Amino acid sequence: RLAPAALSCFHRIYYGASRLLLRLRIDDPLDAFAIHGACGFFGLLATGIFCYDENIQYALYPNVNDACASGEQFGVQMIGGIAIAVWSMTMSGLTFLGIKHTIGIRVS
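All figures in this text were calculated on a predicted structure; none of them were measured in a lab. (Residues numbered from 1 in each chain as written. Predicted model: local features only at pLDDT ≥ 70, side-chain atom pairs only at ≥ 80, totals over all residues. Heavy atoms only, no water.)

Caption draft 1: Quick peek at the side chain of Asp31. Topologically, Asp31 is positioned in the loop between helix H1 (3-23) and helix H2 (32-49). Side-chain polar atoms of Asp31 contact the side chain of Tyr14, separated by 2.8 Å. At 3.1 Å, the side chain of Asp31 and the side chain of Ser18 are in polar contact. Excluding residues within four positions of it along the chain, Asp31 makes contact with Tyr14 and Ser18. (Helix = DSSP H or I, 4+ residues; strand = E, 2+ residues; numbered from the N terminus. Polar contact = N/O pair within 3.5 Å; in protein donor to acceptor, adjacent residues only side chain to side chain. Contact = heavy atoms within 4.5 Å.)

Now the structure itself:
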């Protein structure tokens, strides 16, 4: 039911992120950020946007609540996405900094 709309959203997000990288002159020849970063972040948020409280019971969650209807689940998904982004940027930065000061990074 929602699959065509979701696919359209993913396509637009992928295309927009890919064009943004080109405009910012960031080299990403495989469009890894557009697919995994931008579309992955939207998928994470879509869980909070399109969830139903009734479906939580199918996952055998023991407590009955209205996290989806109240928007609380969307907030949880947003905080999780921000935490993932901060963790990834921090670890990547530390890794590249370590490589730069040990064996060097060649950029031309």
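Caption draft 2: Layout of the state of the cysteines. The final tally for this structure, using the stated rule, is one disulfide. In this model Cys51 forms its disulfide with Cys68; the gap between the sulfur atoms is 2.2 Å. Its S-S torsion of about -130° marks the bond between Cys51 and Cys68 as left-handed, since a negative value means left-handed. You can see Cys51 sitting in the loop between H2 and helix H3 (53-58) and its partner Cys68 sitting in helix H4 (residues 67-70), a full 17 residues away along the chain. There is no split in this pair, since Cys51 and Cys68 are both buried. The thiol of Cys9 is unpaired, and the distance to the nearest cysteine sulfur, on Cys39, comes to 10 Å. (Disulfide = S-S within 2.5 Å. Buried < 20%, exposed > 50% of the residue type's maximum accessible area, 1.4 Å probe, protein only.)

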